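Notes for the structure review
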Amino acid sequence: ETGVTQSPTHLIKTRGQQVTLRCSSQSGHNTVSWYQQALGQGPQFIFQYYREEENGRGNFPPRFSGLQFPNYSSELNVNALELDDSALYLCASRLKMGLAGNTDTQYFGPGTRLTVL
Amino acid sequence: GIQVEQSPPDLILQEGANSTLRCNFSDSVNNLQWFHQNPWGQLINLFYIPSGTKQNGRLSATTVATERYSLLYISSSQTTDSGVYFCAVDRGTGNQFYFGTGTSLTVIP
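Residues numbered from 1 in each chain as written. Chains lettered and ligands numbered in written order. Predicted model: local features only at pLDDT ≥ 70, side-chain atom pairs only at ≥ 80, totals over all residues. Heavy atoms only, no water.

Take the overall build of chain A next. Regarding its fold elements, chain A presents zero helices and eleven strands. Its helices and strands taken in sequence order, chain A reads β-β-β-β-β-β-β-β-β-β-β from the N to the C terminus. Relative to the 2.2 N^0.38 estimate, which gives 13 Å for 117 residues, the radius of gyration of chain A is 14 Å and therefore close to what a compact globule would have. Considering chain A as a whole, with its 117 residues, one finds that 52% of them fall into the buried category. Across chain A, contacts joining residues at least 24 apart in sequence account for 56% of those joining residues at least 6 apart. (Helix = DSSP H or I, 4+ residues; strand = E, 2+ residues; numbered from the N terminus. Rg over C-alpha atoms; globule rule 2.2 N^0.38 Å. Buried < 20%, exposed > 50% of the residue type's maximum accessible area, 1.4 Å probe, protein only. Contact = heavy atoms within 4.5 Å.)

Okay, the state of the cysteines next. Within the structure shown, the criterion is met by two disulfides over all chains. Bridging Cys23 of chain A to Cys91 of chain A, the disulfide has an S-S length of 2.0 Å. What sets the handedness of the Cys23 of chain A and Cys91 of chain A disulfide is the S-S torsion sign, and at about 75° it is right-handed. With a gap of 68 residues between them, Cys23 of chain A in strand β3 (residues 19-24) and Cys91 of chain A in strand β9 (residues 87-94) connect regions that are remote in the sequence. Among the residues examined, Cys23 of chain A registers a relative accessible area of 3% and is labelled buried. For Cys91 of chain A, a relative accessible area of 0% translates into the label buried. The disulfide partner of Cys23 of chain B is Cys87 of chain B, and the S-S distance across this bridge is 1.9 Å. Judged by the sign of its S-S torsion, about 70°, the bond between Cys23 of chain B and Cys87 of chain B is right-handed. Taken as a pair, Cys23 of chain B in strand β3 (residues 19-25) and Cys87 of chain B in strand β9 (residues 83-90) lie far apart in primary sequence, 64 residues in all. Summarising the burial analysis for this pair, Cys23 of chain B and Cys87 of chain B share the class buried. (Disulfide = S-S within 2.5 Å.)

Counting residues in each nonpolar core, the largest one holds 23 residues, and the members touching the most others are Val4, Phe25, Trp34, Leu72 and Val89 of chain B. Looking at this core, the elements with two or more residues in it are β2 (10-14), β3, β4 (31-37), β5 (43-48), β7 (59-64), β8 (69-74), β9 and β11 (103-108) of chain B. Those residues within four positions of Phe25 of chain B in sequence are excluded, and the remaining contacts are Ile2, Gln3, Val4, Leu32, Thr63, Ala65, Arg68, Tyr69, Ser70 and Val89 of chain B. Judged by nonpolar contacts, the second largest core, of 20 residues, contains Val32, Phe64, Cys91 and Val116 of chain A. (Core = buried A, V, L, I, M, F, W, Y, C linked by side-chain atoms within 4.5 Å.)

Okay, the pattern of salt bridges next. Any two side chains of opposite charge can pair if their charged atoms end up close together. Evaluation of the coordinates by the stated rule reveals six salt bridges over all chains. Taken together, the shared-partner salt bridges in this structure form one network comprising Arg63, Glu82 and Asp85 of chain A. (Salt bridge = Lys/Arg side-chain N within 4 Å of Asp/Glu carboxyl O.)

Once that is clear, we can look at the side chain of Gln6 of chain A. Residues and elements named next belong to chain A. Along the chain, Gln6 turns up in strand β1 (residues 5-7). Among the polar contacts made by the side chain of Gln6, one reaches the main-chain carbonyl oxygen of Tyr89 at a distance of 3.0 Å. At 3.1 Å, the side chain of Gln6 and the backbone nitrogen of Cys91 are in polar contact. Contacts of Gln6, omitting those with residues within four sequence positions, involve Arg22, Cys23, Trp34, Tyr89, Leu90, Cys91, Gly109, Pro110, Gly111 and Thr112. (Polar contact = N/O pair within 3.5 Å; in protein donor to acceptor, adjacent residues only side chain to side chain.)

As structure tokens, this is what we get:
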């Protein structure tokens, strides 16, 4: 039990649609990151939010966007879904010491498995 | 970004055997974690170990930051140890974790 939850567990969408995935972080964690994990690969960093602002982004297009809320919840939004967006989406929360500060242990949610048809 | 390589990519063990998993990284880091991913996709943190040695039951880990590698030791393996093991590093900005390629472990009874 990591204290991080995600919803929904599974989701099926069709190409071109939009999707919102949700994450609830551990209480007190000021940082949430989202990852995409394709089958057979390691997680790939999408972006990170620190105190409700994006402060790091991986190599993903702008149609991947997010929000972080004061109540330790966050969202990942994906517009104009493509077949290659089919993957396990993971969120992770941690406590970060300052804007460019070091971080402690990262805790992952169980993931949302997205299938795009 | 940092390149993180893990070896071996696949490992099959008889229950009770010991194993060593390796993680090499291409740049200096100040945060390194080992994770176990179960068949349902849940990533469980095993160690937060940017340097030094830690032990937790049958598992232990060592990171030699100056030589840019980390090792995960599994002793007396059990079938429940099966899954994929990842190491992940943070270069120090605290803004992005880079994951390795993973080691898929299968422990057979």
